[in-house]
Every structure is written in structure tokens, then in C-alpha cells.
Amino acid sequence: QVQLVESGGGLVQPGGSLRLSCAASGFTFSDYVMSWYRQAPGKERELVAQITGAGRFTSYADSVKARFTISRDNAKNTVYLQMNSLRAEDTAVYYCNARRSPVLNYWGKGTLVTVSS
């Protein structure tokens, strides 16, 4: 059974940092592109960051470049999102995604990040 379990969300002040984790199970983790998406209240879900199977290539939304870093540990079946210099507009539910094909495409349940003073 495929599972993606996000953790690490919470309340943080503007300018602060958080590290999200997504623990995966039930599939061959290294075969999948891993991504973080987010959905803010009243907005569509958007792609935040992506990392290829071996971790060689990453990409980021323009809004988070130079502030967020995606990484993965294939030995631990875990993907991370280090978020620095957080802003109020980063407030959202953050979702982990694993994708190998249109059919082999899995989602976690999300973790809430709130940036507020």
C-alpha cells in the first residue's frame, strides 16, 4: 500500500524557517520524481519544488527560488523541503507528490504551514 506522510508543518514567524519531511512507503522510491506542492486558501494547488529520482536535478517555482531547498534520501525513502526566509504568502497546506507516470502518481494528505507574527 502506497503511503506518503508529511510532517514538519506548523506556525512560524515571518523570516523564520521550517523543514518539511515526507516519508514514503509501498513503492520503489528512487524510481519516482518527488515534488512538493502547496495550496493556499482560495487558490489552486501549485508546484513548489521537484527533484529527480537520483536527486541530480531540482527545479523550483520562481516565488521560492533561493529560499527553499528540496532534497531526498533514497536510503530513508524520504524527501525534504527546507524553507527559509518564510513569508506570509507561503502560508498553505503543503503536499508531497510521487510521480512516475500519469497512472503511478501519488499524494500525501498534506501538512499546514502558517507564517504569521
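Anyway, here's the lowdown on the structure attached to this text. Given the structure is predicted, the values throughout are model-derived calculations rather than measurements.

Conventions and cut-offs
Residues numbered from 1 in each chain as written. Predicted model: local features only at pLDDT ≥ 70, side-chain atom pairs only at ≥ 80, totals over all residues. Heavy atoms only, no water. Disulfide = S-S within 2.5 Å. Helix = DSSP H or I, 4+ residues; strand = E, 2+ residues; numbered from the N terminus. Buried < 20%, exposed > 50% of the residue type's maximum accessible area, 1.4 Å probe, protein only. Polar contact = N/O pair within 3.5 Å; in protein donor to acceptor, adjacent residues only side chain to side chain. Contact = heavy atoms within 4.5 Å. Pairing = 2+ DSSP bridges. Axes fitted to C-alpha atoms, helices over the stretch in contact; angles between N-to-C directions.

This brings us to the state of the cysteines. Tallied over the entire structure, the rule returns one disulfide. The disulfide bridge from cysteine 22 ends at cysteine 96, spanning 2.1 Å between sulfur atoms. Classification of the bridge connecting cysteine 22 and cysteine 96 rests on its S-S torsion, roughly -80°, and on that basis the disulfide is left-handed. Of this pair, cysteine 22 sits in strand S3 (residues 18-25) while cysteine 96 sits in strand S9 (residues 92-99); the two residues are 74 residues apart in sequence, bridging distant segments of the chain. According to the relative accessible area criterion, cysteine 22 is buried, its value standing at 0%. The class for cysteine 96 is buried, based on a relative accessible area of 0%.

Counting through the fold element by element, arginine 67 comes out in the loop between strand S6 (58-60) and strand S7 (68-73). Overall, the relative accessible area of 7% leaves arginine 67 in the buried class. A distance of 2.7 Å separates a polar atom in the side chain of arginine 67 from a polar atom in the side chain of aspartate 90. Setting aside chain neighbours within four positions, we find arginine 67 in contact with Gln82, Met83, Asn84, Ser85, Leu86, Arg87 and Asp90.

Overall, antiparallel pairing links the four strands, which are arranged S1-S3-S8-S7 in an open sheet. Two strands in the sheet have a free side with no partner beyond their single neighbour: strand S1 (3-7) and S7. Each neighbouring strand pair of the sheet contributes to a mean axis angle of 15°, computed without reference to strand direction. Pairing of S1 with S3 involves five bridges; the strand directions are antiparallel. By the bridge assignment for S3, glutamine 3 is matched with serine 25.

To continue, consider the pairing of strand S8 (residues 78-83). For S8, the tally of buried residues reaches five of six residues, placing the bulk of the element in the interior. Bridge count between S3 and S8: six bridges; the pairing is antiparallel. Across the sheet, residue alanine 23 finds its bridge partner in S8, namely threonine 78. In this sheet, S8 lies alongside S7 in antiparallel orientation, the contact comprising six bridges. Residue pairing for S8: arginine 72 is matched across the bridge by valine 79. Two successive antiparallel strands, S7 and S8, enclose a turn made up of four residues, where asparagine 77 displays a positive phi of approximately 50°.

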